[in-house]
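Examining the three-dimensional arrangement
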Amino acid sequence: MISEASKLANLTKKAITYYIEQNLIFPDSLENGYRDFSDKDVERLKEISVLRKLGLSIEEIKMICTDDASSALQKISVRKELSLQRDKAQKAILDKLSYGYSFAEIHKELETIEQSATVTEKLLEAFPGYYGRFICLHFARFLDEPIETSEQQAAYEEIIAFLDNAPSIDFPIEIQSFLVENTKHINTDDIHDMIENTTQSLEDPQKFLSENREMLEQYLEYRQSGEYKQSPVFHMQKILKEYNRTSGYNDVFIPAMKKLSSSYAKYYEQMENANEKLLLQYPEIAVLNKLNE
């Protein structure tokens, strides 16, 4: 009975009726016209109530109910993170308007927020699971520059076209399972920490190499082992390397990002510099990379 379900889930009858209409729960219909709510239905109603209190939309809740819940929640968490960043940028623009800036003066800043939102959302959709979340948050920090030149506009359009047409990454079931199991506890704060650690290591690669010599040598030893070549990580990296080579990620997306964002171009230059220093100190890495292609 809906009245009993209402008490158990602490929801109004109208709310429960609405969730039925939205195909979020499917209680049985009895011959007398009443609804029969199972224990599972009541639990689902309680979950929906929690998610609604967290500010999730009906569409987001549907995604959680129909897809892998953990993966869907992690993707929504990234969206919320990006939304908070946009809210902060929008508040700063409102402050400028209150200080007397004209609408014309802040127009470019609004366009930048919109362009960043478009790219990050498409990044999140283009790449699966944890990889998509990581790559989305990685590139998001380079998308706060306004488009001021025709070259930047062309680069932006190239990025959008690439993301709209990029093929999906076809991970085998065992690698999908490995990724889900090993990244399900990684949240947006963890990803930000990883990105920050990488950024710091690029700023002074020589210091990073000297301070992490033992760890790097252990890693190199592992890379040469049979255990590594049988591992899901090895096979995943091979798939990603091939995807990046054939999809246009290396030849279209990355060059366009460098043209669109001067901060990303600088970051990419730092990466290349750090990689040169790494190969000078550990030339066997180049050999390993060649053998693993």
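Residues numbered from 1 in each chain as written. Predicted model: local features only at pLDDT ≥ 70, side-chain atom pairs only at ≥ 80, totals over all residues. Heavy atoms only, no water.

1. Considering helix 5 (residues 69-98)
Since the α-helix turns once every 3.6 residues, residues separated by three or four places project in the same direction. Its 30 residues place the ends of helix 5 42 Å apart at the C-alpha level, agreeing with the 44 Å of an ideal helix rising 1.5 Å per residue. Burial in helix 5 covers these residues: Ala72, Gln74, Ile76, Val78, Arg79, Glu81, Leu82 and Ile93. Positioned one or two residues after helix 5, Gly100 has a phi angle of 110°, which is positive. (Helix = DSSP H or I, 4+ residues; strand = E, 2+ residues; numbered from the N terminus. Expected span 1.5 Å × (residues − 1). Buried < 20%, exposed > 50% of the residue type's maximum accessible area, 1.4 Å probe, protein only.)

2. What to know about helix 12 (residues 213-223)
All of the buried residues along helix 12 are Leu216, Leu220 and Arg223. Buried residues of helix 12, viewed axially, fall in a sector of 60°; they line one side. Facing away from the buried side of helix 12, by more than 90 degrees, are the exposed residues Glu214 and Glu221. (Arc of directions from axis to C-beta.)

3. Comments concerning the pattern of salt bridges
On inspection of all chains with the given rule, the structure shows 12 salt bridges. Residue Lys62 is joined to Glu59 by a salt bridge in which the shortest nitrogen-to-oxygen separation is 3.7 Å. Of this pair, Lys62 and Glu59 both sit in helix 4 (residues 58-66), three residues apart, which is roughly one turn of that helix. Overall, the relative accessible area of 55% leaves Glu59 in the exposed class. A salt bridge links Glu181 to Lys184, with the nearest nitrogen and oxygen atoms 3.3 Å apart. One continuous salt-bridge network, built from bridges that share partners, spans Lys75, Arg79, Glu121 and Glu125. (Salt bridge = Lys/Arg side-chain N within 4 Å of Asp/Glu carboxyl O.)

In short, geometric facts, not functional conclusions.
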